[in-house]
Amino acid sequence: MSNAIDLAAPLPAPSDFIRDLVAQHVAEGRYSRIHTRFPPEPNGYLHIGHAKSICLNFGIAREFGGVCNLRMDDTNPTKEEVEYVESIQRDVDWLIAGWADTKLGLKRKGAAPATQSVNGKHDFHLAPVLKTDLGPQALELSEPFFASDYFVQIHAYAVRLIEKGLAFVCDMTPEQTDEFRRTGQASPFRNRPVAENLDLFARMKAGVFPDGTRVLRAKIDVAAPNIWLRDPLLYRIRHAEHHHTGAQWCIYPMYDFAHCLSDYLEGITHSICTLEFEVHRPLYDWILESLDLPRALPHQYEFAKLIPSHMIVSKRKLIALVEAGLVSGWDDPRLPTLSGIRRRGVTPEALRAFAIGVGVTKFVSVTDIALYEHAIREDLNKRALRRLAVLRPIKVIITNYPVGQTEELDATNNPEDETAGKRKVPFSRELFIERDDFAEVPPPKYFRLKPGGEVRLKYAFIIKCDEVVKDAAGHVVELRCTADLDSRTGGANAARKIKGTIHWVSAAHAFDAEVRLYDRLFTEAEPEADGRDYKATLNPRSLEVVSAKLEPSLMQATPAARYQFERLGYFCVDVPGNGKPETQNPKLVFNRTLTLKDTWAKEAQRS
RNA sequence: UGCCCGAUGGUGUAAUGGUAGCACAACAGUCUCUGAAUCUGUUUGUCAUGGUUCGAAUCCAUGUCGGGCAACCA
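Residues numbered from 1 in each chain as written. Chains lettered and ligands numbered in written order. Predicted model: local features only at pLDDT ≥ 70, side-chain atom pairs only at ≥ 80, totals over all residues. Heavy atoms only, no water.

A.B. asks: I'd like a rundown of the protein's contact with RNA strand B, residues and numbers included.
C.D. replies: In the vicinity of RNA strand B, 63 residues are found, and the nearest of them are Asp20, Arg238, Thr489, Arg567 and Thr599. When the atoms of RNA strand B within 4 Å of the protein are grouped by moiety, sugar and phosphate amount to 70% of the total. At a separation of 3.0 Å, a phosphate oxygen of RNA strand B approaches a polar backbone atom of Tyr255. Tyr459 places a polar main-chain atom, nitrogen or oxygen, 2.7 Å from a base oxygen of RNA strand B. At the level of elements, α7 (174-183), β11 (233-237), β16 (366-367), α14 (369-383) and α15 (599-606) are the ones that each hand at least two residues to the surface near RNA strand B. In terms of residue class, the surface near RNA strand B is made up of 23 nonpolar, 14 polar and 26 charged. (Near = heavy atom within 4 Å. Polar contact = N/O pair within 3.5 Å; in protein donor to acceptor, adjacent residues only side chain to side chain. Helix = DSSP H or I, 4+ residues; strand = E, 2+ residues; numbered from the N terminus. Nonpolar A, V, L, I, M, F, W, Y, C, P; charged D, E, K, R; others polar.)

A.B. asks: So what's going on with the side chain of Arg387? Which residues, and what values?
C.D. replies: On the secondary structure map, Arg387 appears in strand β17 (residues 385-387). Lacking a salt bridge, the buried Arg387 has Glu551 as its closest oppositely charged neighbour, with an N-O distance of 4.3 Å. Leaving out residues up to four positions away in the same chain, Arg387 has contacts with Asn413, Arg423, Glu551, Ser553, Leu554, Tyr563, Gln564, Phe565 and Glu566. (Buried < 20%, exposed > 50% of the residue type's maximum accessible area, 1.4 Å probe, protein only. Lys, Arg positive; Asp, Glu negative; His and termini not counted. Salt bridge = Lys/Arg side-chain N within 4 Å of Asp/Glu carboxyl O. Contact = heavy atoms within 4.5 Å.)

A.B. asks: Summarise helix α6 (residues 151-163); cite the residues concerned and give the values.
C.D. replies: Given a rise of 1.5 Å per residue, 13 residues ought to cover 18 Å, and the 18 Å separating the end C-alpha atoms of α6 matches this to within 8%. Restricting attention to buried positions, one finds in α6 the residues Phe151, Gln153, Ile154, His155, Tyr157, Ala158, Arg160, Leu161 and Ile162. Following α6 by one or two positions, Gly165 has its phi on the positive side, about 75°. (Expected span 1.5 Å × (residues − 1).)

A.B. asks: Provide a residue-level description of the sheet that holds strand β26 (residues 501-502), including the pertinent values.
C.D. replies: Pairing is mixed across the open sheet formed by seven strands, whose spatial order is β26-β23-β24-β25-β19-β22-β27. What marks the edges here is a single partner per strand, and that holds for β26 and β27 (504-506). (Pairing = 2+ DSSP bridges.)

A.B. asks: Pulling in residues and values, what's your account of the side chain of Asn226?
C.D. replies: Mapped onto the elements, Asn226 comes out in the loop between β10 (215-218) and β11. Taking relative accessible area as the criterion, Asn226 reaches 18% and is therefore assigned buried. Among all residues touching Asn226, those that are not within four sequence positions of it are Val279 and Pro282.

A.B. asks: Which residues make up the nonpolar core, and what values go with them?
C.D. replies: A general feature of soluble globular proteins is that nonpolar side chains tend to end up buried together. Ile48, Ile54, Phe58, Val92, Leu351 and Tyr372 are the most contacted members of the largest nonpolar core, which totals 41 residues. Those elements giving two or more residues to this core turn out to be α2 (48-63), β2 (67-72), α3 (82-96), α12 (338-344), α13 (348-357) and α14. Residues within four places of Phe58 in sequence aside, it is in contact with Phe38, Cys68, Val92, Ile96, Trp99, Ala100, Lys103 and Leu104. In terms of nonpolar packing, the next biggest core, distinct from the first, is built from 39 residues, Leu216, Ala218, Ala258 and Leu288 among them. (Core = buried A, V, L, I, M, F, W, Y, C linked by side-chain atoms within 4.5 Å.)

A.B. asks: Can you break down the packing of α2 against α13 residue by residue, with the values?
C.D. replies: One way to put it is that α2 packs onto α13 with a least axis distance of 9 Å and a crossing angle of 75°. With respect to their mutual orientation, α2 and α13 come out roughly perpendicular. Between α2 and α13, the contacting residues are Ile48, Ala51, Lys52 and Cys55 on the first element and Leu351, Arg352, Phe354, Ala355 and Ile356 on the second. Broken down by class, the residue content of the contact of α2 with α13 amounts to seven nonpolar, no polar and two charged. (Axes fitted to C-alpha atoms, helices over the stretch in contact; angles between N-to-C directions. Parallel < 35°, antiparallel > 145°, perpendicular 65-115°, else oblique.)

A.B. asks: Mind laying out the packing of aromatic side chains, listing which residues take part and the relevant values?
C.D. replies: By the definition in use, this model includes 18 aromatic pairs. A ring pair is formed by Tyr255 and Phe277, whose centres lie 5.0 Å apart and whose planes are at 35°; its orientation type is tilted. Highlighted residues: Tyr255 in helix α9 (residues 255-266) and Phe277 in the loop between β13 (270-274) and α10 (281-290), separated in sequence by 22 residues. Take Tyr255: its relative accessible area is 23%, and that puts it in the partly exposed class. You can call Phe277 partly exposed: its relative accessible area is 21%. Ring geometry for Phe522 and Tyr534: centres 6.3 Å apart, planes at 75°, overall edge-to-face. Of this pair, Phe522 sits in the loop between β28 (511-518) and β29 (543-550) while Tyr534 is found in the loop between β28 and β29, placing the two residues twelve residues apart along the sequence. This pair shows no difference in class: Phe522 is buried, exactly as Tyr534 is. An aromatic cluster is built from Tyr401, Phe427, Phe461 and Trp504, whose rings are joined through pairwise contacts. (Phe/Tyr/Trp six-rings, centres within 6.5 Å; stacked < 30°, edge-to-face > 60°.)

A.B. asks: Could you give an account of the domain arrangement of chain A, with specific residues and numbers?
C.D. replies: Under the domain assignment used here, chain A contains domain 1 (17-305) and domain 2 (385-606). Using only C-alpha atoms to locate each centre, domain 1 and domain 2 end up separated by 53 Å. (Domains from an automatic or database assignment.)

A.B. asks: Tell me about unusual backbone geometry, and name the residues and values.
C.D. replies: A positive phi angle, near 45°, is found at Asp231, a position not held by glycine. Note that Asp231 resides in the loop between β10 and β11. For Asp231, a relative accessible area of 1% corresponds to the buried category. At Tyr459, a position not held by glycine, the phi torsion is positive, near 70°. Relative to the helices and strands, Tyr459 is located in the loop between β23 (454-457) and β24 (462-470).

In structure tokens, the structure reads:
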């Protein structure tokens with residue numbers, strides 16, 4: 001029987017308070033179809049925190065036979081850019097590929113909400129299309145949803161609110177508005193007649209007023225305990241070019257007004273967001289309920305966002321790290337951005353396992369990065385091809401092995417997956433082994449190579465260290481060893497019990513390549529705890545670049561594969577986040593995703 | 001300060017009035033031609049005080065601690 005690994009094997013269906021609610025709604029038949037959405041603002045790159053949200057929203061769509069729309073929440077023209085729209089699409093596609101891509105709700109390029117009549121009421125609706133609906137040209141025919149595609153409809157809703165006497169144009173300055181809202185006072189413009197409001201709002205739209213001079217406000221309750229009900233702003237004037245709508249508009253809806261309506265227009269049933277929007281929920285409901293809408297209304301549910309230890313996730317600080325040159329860019333493999341994570345060699349399966357595994361609650365907590373690293377190791381252990389590589393070489397001469405002789409030894413590609421087969425590795429008289437695998441003065445319990453000691457070379461012979469050759473400065477430059485020539489795998493002495501087995505490469509056959517050894521970016525679990533500057537807790541050894549000696553088969557390394565350099569860690573071929581090489585003639589560069597667990601390092605540190 | 005939300009081992013979570021369970025981490029052992037993986041075992045928990053109940057992590061009250069909101073950001 002083959003033990004071929006099934007990396008797409010479904011994880012047990014998660015359960016949490018939101019899914020419980022959705023299940024209940026399904027049982028009640030409350031909606032004809034469950035419909036979620038993932039609504040990033042295109043003003044930065046997606047990061048590990050978004051991965052949790054993506055997995056939650058797409059996971060629900062998956063588990064309940066629903067759809068999850070990708071929507072750009074782009075109502076602030078001064079902050080958003082096309083570059084981010086593209087990176088967001090790329091990252092979402094990467095994370096859900098083969099898992100929930102058939103649940104991804106997109107729209108036909110250029111499509112806008114349709115006007116329709118439901119139960120005699122005027123209504124707008126924009127249904128999703130799935131890649132499977134679009135066929136082979138899905139990519140060219142579709143695009144994500146954009147809140148900015150609904151500006152016409154959102155504007156119409158604003159007009160309707162004015163007509164109902166539930167919104168008014170306010171002429172106060174931003175400072176006055178803040179003051180009045182804080183102290184619970186009514187705006188002097190609150191009771192403007194509907195006709196005047198309509199006229200003023202039309203002129204706002206026409207561009208006759210400068211930025212900041214007027215806003216449209218909801219008329220709710222100036223003294224409500226919840227600030228968000230104290231006549232919140234619905235529209236502001238912004239004479240700015242928008243990345244998606246160009247110069248078409250000079251008034252833009254605020255988040256609270258646009259978001260609930262976007263959800264409604266798309267037929268969203270469960271609008272899932274993070275805890276900080278909890279206090280906005282009454283406003284979300286007020287807007288939708290005030291509009292007298294004919295279809296089922298969406299509802300908002302909140303969960304605690306992911307806060308991983310040893311990382312920084314805030315967009316602003318991520319930008320600062322990039323701009324200060326402390327990392328190489330948005331896709332630096334040390335960053336928790338999805339493009340950085342991808343470049344680091346983490347697979348979507350591993351990220352998903354982690355993002356789903358942490359669960360969904362309303363409890364704010366810091367998730368130990370060990371949980372993340374465990375998910376990565378578990379995934380990579382199953383899939384990685386084993387290879388021999390020496391990061392910090394020291395020369396070994398097998399004195400009793402004939403000069404000029406080479407033999408090809410069998411090596412297992414993946415002990416976790418016998419279908420991965422075997423390969424040949426060349427052995428010869430001169431080898432490299434890891435500097436750490438030799439100790440002239442060995443610490444207690446050291447069972448690697450030491451003067452007069454024996455160690456097994458993986459897949460090859462047992463060798464004994466006869467002589468330590470040093471340079472003038474006293475540094476060890478070469479080890480002269482003899483091999484037990486009968487101890488080769490399959491040989492007469494193969495069964496000899498030797499405590500230590502080390503990796504090696506043949507000096508004549510190995511090739512040199514750059515290997516980037518990445519480690520945690522921060523040394524502290526909470527880089528900013530106690531109000532300290534996160535720059536002070538940067539790990540000075542988060543990146544070390546070495547020129548390593550690699551077994552020849554790695555010359556054919558591919559970006560899609562994952563490798564385990566035996567006894568060292570998991571590595572991948574470096575591919576920048578945008579898919580384009582750093583230079584015109586890229587050389588082979590390997591990134592370390594993660595080390596193997598290292599009990600010995602812990603033991604050695606103890607003594 | 002006002003309003004809202006939360007609290008289960010070191011960490012993340014489950015138990016939906018009926019045996020506090022799982023994963024990670026740690027530790028000990030097993031196995032090993034990877035000091036990895038595997039396998040076995042161990043340690044550690046219901047924020048506090050009252051109340052309701054035959055029975056409370058769960059319901060109620062009060063307190064404590066933590067978080068969020070109080071942008072013409074999302």
